[in-house]
Amino acid sequence: MSEPTRILLDESRIPRNWYNILPDLPAPPPPPLHPATLEPVAPDDLAALFPMELIAQEMSEDRFVPVPESVLDVYRLWRPTPLIRARRLEKSLGTPARIYYKYEGGSPSGSHKPNTAVPQAYYNAREGVRRLTTETGAGQWGSALAFACAQYGLACEIWMVRASYDQKPYRRSLMKVYGATVHASPSAVTTSGCRILTDDPGCSGSLGIAISEAVEAAGAADDTRYALGSVLNHVLLHQTVIGEEALEQLALLGETPDVVVGCTGGGSNFAGLAFPFLRERLAGRMDPVLRAVEPAACPSFTRGTYAYDFGDTAGFTPLMKMHTLGHRFVPDPIHAGGLRYHGMSPLLSHIHELGMIEAEAVSQSACFEAGVRFARTEGILPAPEPSHALAVTIAEAQRCAESGEEKVIVTALCGHGHFDLPAYERHLAGRLEDFALPQERIDSALADLPGV
Ligand SMILES: *Cc1c(COP(=O)(O)O)cnc(C)c1O
């Protein structure tokens, strides 16, 4: 009898709870600080930006947080997602490793982002909010939020990083089809955008700049709140549906992972997959290595510093202790737009400081090679972001081919790359750049840290 390739769960097995790792950690993460008083942020300080329920989740000590029925109902459009054994990739590598990928690209907008966009839109709508603002890099988060807002009758206004706005016109179109308004960032419609355009009219933008614009716009209107697609605790919380399902799928096969790999921009897809496995590791039930992979052009974990910094460029957000390249750092315009963020989730940064996860950085061309290899074997075209995780997965499987180790590797395939074909074209034509990141650029951005 042959072993299964696609491990599917019945619709009734969508997790009923999100998993909050906070109560299971040996030490709590340092709190976010109010930028003026430097005191820990109180729930009311965030009320202009987020609905109370999300603020409560941000600070929650409850280990399990119930998924509302209305959210479960939307999740049913694409969840549970398949866990797929990458047999053809394994064969092409001649590896004895068993590689599994958790595929989130079958969601309506094509990535893991709707896992949090839907509950965020739901809680905002329930509390009477009429409009959400946000930033987007590659456009994955913007299209997820635009879809979620359409589900709950909310208006949606999006600042899209200029580099991606130009490179990915069809992501822009998708957001508009879902009913959102899209601005290229920096834009002339906010004060923070205008200030940057005055200094640098050709600025290619960054997530930090786009966040400043979206936060500014949310602060200026009573019926408007802001939504963030990564970084914050409540976002990581919502993404744990990925890992909870994967745990159950592996259990059906009697497999336990040796290595869990995911790419990290702000950390949400990696944490979503890894946290339930980390819970199992802390309970002594398995012992996987958890490995975060970031781009060499935006290496917050591997070359950044662990310090209090702003989440945005203009300095509107609370100060968060995290691995950061400095809030003024503008990464080179690599195609993995979702990984171009100067900071890292404070929760994931803390867990990294505790030595519970590993991190490594890979170059853009290595990622596209991995993406093409994956497409030619498994058939799915990965987004440039998860191709970072695939590059590291392939390297691990190649080491297994040399050593003969039969490791079980689980990787987060958090989105498809159907909107990223121009980047694949460039790669195939040999015209894709690898950006060297000189230490002086990091040092100069870090010189602007708020110094808390
Ligand atoms: C947004 C995005 C990322 C980066 O965000 P994380 O919060 O680190 O997951 C990675 N991959 C895809 C497909 C994305 O859309």
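These figures come from a predicted structure and were not determined experimentally.

Even after reading the chapter, I still don't get the domain arrangement of the protein, so can you show me in this structure?
Where interface size is given, it is often the accessible area lost as the parts come together that is meant. Splitting the protein by domain gives domain 1 (6-13 + 68-110 + 234-434) and domain 2 (23-39 + 49-65 + 114-232). For domain 1 and domain 2, the distance between their C-alpha centroids amounts to 21 Å. Listed as interface residues are 62 residues of domain 1 and, on the opposing side, 59 residues of domain 2. Taking both sides of the interface into account, the surface hidden between domain 1 and domain 2 amounts to around 4800 Å²; carbon and sulfur atoms contribute 64%. Contact with domain 2 buries area across many residues of domain 1, yet S109, H234 and F419 alone supply 16% of it, more than any other trio. Connecting domain 1 to domain 2 are 1 salt bridge. One salt bridge connects K168 with D420, and the closest N-O pair in it is separated by 2.5 Å. The tally of links from domain 1 across to domain 2 stands at 23 residue pairs in polar contact (both at pLDDT 80 or more). In terms of residue count, helix α10 (residues 233-253) provides more of the side of domain 1 that touches domain 2 than any other element does, 9 residues in total. Considering only residue class, the side of domain 1 that touches domain 2 consists of 33 nonpolar, 20 polar and 9 charged.

Mind showing me how you'd approach the pairing of strand β13 (residues 319-324) here?
Two faces, one strand: in a regular strand the side chains alternate between the faces of the sheet. Extensive coverage of β13 is indicated by the burial of 5 of its 6 residues. Two strands pair when backbone bridges link them, and strand β12 (residues 305-310) and β13 are joined in this way by 6 bridges, in the antiparallel orientation. Directly across from Y308, in β13, lies its bridge partner K321.

Criteria and cut-off values
- Residues numbered from 1 in each chain as written.
- Predicted model: local features only at pLDDT ≥ 70, side-chain atom pairs only at ≥ 80, totals over all residues.
- Heavy atoms only, no water.
- Domains from an automatic or database assignment.
- Contact = heavy atoms within 4.5 Å.
- Buried area = accessible area lost by both parts, 1.4 Å probe.
- Salt bridge = Lys/Arg side-chain N within 4 Å of Asp/Glu carboxyl O.
- Polar contact = N/O pair within 3.5 Å; in protein donor to acceptor, adjacent residues only side chain to side chain.
- Helix = DSSP H or I, 4+ residues; strand = E, 2+ residues; numbered from the N terminus.
- Nonpolar A, V, L, I, M, F, W, Y, C, P; charged D, E, K, R; others polar.
- Buried < 20%, exposed > 50% of the residue type's maximum accessible area, 1.4 Å probe, protein only.
- Pairing = 2+ DSSP bridges.

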